[in-house]
Amino acid sequence: MDDRLRFLEHRDKKILLVDFSQGSKQEILRLLDLVRATIAQEPRNSVLTLADFSGAQVDKAVATRIKEVLALDRPFVKRSAWVGTASLPKVFYQNFKSFSQRDFPTFETREEAMDWLTKEE
């Protein structure tokens, strides 16, 4: 698996880290293909995902592919949390939520996001 896409353990739970941080457009598009393939192998409604967008290069083409992957991954993802969204245009973030019919709470740090992902519901 790519070092930008890996499972982490936090509070005895498995979290899929999707590290878009400082990624170029080409790196992000390549990573999105890996994300799609990886999540599709997991049981439905089981995956906890943490996406880090810190300094990521997201243009319209990348945003369109992110929307597609988010929609396709929806049946497999239990919860998602995002960090580093300050660099994302607000319109992209809103489009991601509406297109995928999912919510993506944002956090200041990966640690805060992982705490939220693993808290009991």
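As a starting point, this report considers the structure included with it. (Residues numbered from 1 in each chain as written. Predicted model: local features only at pLDDT ≥ 70, side-chain atom pairs only at ≥ 80, totals over all residues. Heavy atoms only, no water.)

It is worth spelling out the overall build of the protein chain at this point. A tally of helices and strands in the protein chain yields four helices and five strands. Traced from its N-terminal end to its C-terminal end, the protein chain shows the element sequence β-β-α-β-α-β-α-β-α. Relative to the compact-globule value of 14 Å for 121 residues, the protein chain shows a C-alpha radius of gyration of 13 Å, a close match. Dimensions along the principal axes, computed over C-alpha positions, put the protein chain at roughly 35 × 30 × 30 Å. (Helix = DSSP H or I, 4+ residues; strand = E, 2+ residues; numbered from the N terminus. Rg over C-alpha atoms; globule rule 2.2 N^0.38 Å.)

What follows deals with the side chain of Thr38. The residue Thr38 is located in helix H1 (residues 25–39) in this model. Classification of Thr38 as buried rests on a relative accessible area of 12%. (Buried < 20%, exposed > 50% of the residue type's maximum accessible area, 1.4 Å probe, protein only.)

Okay, the packing of aromatic side chains next. The full count for this structure, using the stated rule, is six aromatic pairs. Ring geometry for Trp82 and Tyr93: centres 5.7 Å apart, planes at 70°, overall edge-to-face. In this pair, Trp82 sits in strand E4 (residues 77–83) while Tyr93 sits in helix H3 (residues 90–100), placing the two residues 11 residues apart along the sequence. We note that Trp82, like Tyr93, is buried. Clustering of aromatic rings is evident, with ring pairs tying together Phe20, Phe53, Trp82, Tyr93, Phe96 and Phe104. The ring of Phe76 carries the charged tip of Arg44 above its face, separated from the ring centre by 5.9 Å. Stacked on the ring of Phe99, the Lys or Arg Lys67 has its end atom at 5.0 Å from the ring centre. (Phe/Tyr/Trp six-rings, centres within 6.5 Å; stacked < 30°, edge-to-face > 60°. Lys NZ or Arg CZ within 6 Å of the ring centre and 35° of its normal.)

Turning our attention to the nonpolar core. Formed by 27 residues in total, the largest nonpolar core has its most connected members in Val18, Phe20, Phe53, Val58, Ile66, Trp82 and Phe96. Secondary-structure elements contributing two or more residues to this core are strand E2 (13–19), H1, strand E3 (47–52), helix H2 (60–73), E4 and H3. Ignoring anything within four residues of it in the chain, the contact list for Trp82 reads Ala51, Phe53, Leu70, Leu88, Tyr93, Phe96, Phe104, Pro105, Thr106 and Phe107. Within the second largest apolar cluster, nine residues are counted, among which are Leu17, Leu48, Leu50 and Leu117. (Core = buried A, V, L, I, M, F, W, Y, C linked by side-chain atoms within 4.5 Å. Contact = heavy atoms within 4.5 Å.)

Here the focus is the layout of surface pockets. Put simply, the largest pocket is a space of about 160 Å³. Taken together, 12 residues make up the lining of the largest pocket; nearest its centre are Lys13, Lys14, Ser46, Leu48 and Lys78. Every element with two or more residues in the lining of the largest pocket is listed here: E2, E3 and helix H4 (110–118). In the lining of the largest pocket, the residues fall into three nonpolar, two polar and seven charged. (1 Å grid on protein atoms, 1.4 Å probe; cavity = no way out; pocket = protein on both sides within 12 Å on 5 of 7 lines; lining within 4 Å. Points joined across faces, edges and corners; volume = space filled by probe spheres on them. Nonpolar A, V, L, I, M, F, W, Y, C, P; charged D, E, K, R; others polar.)

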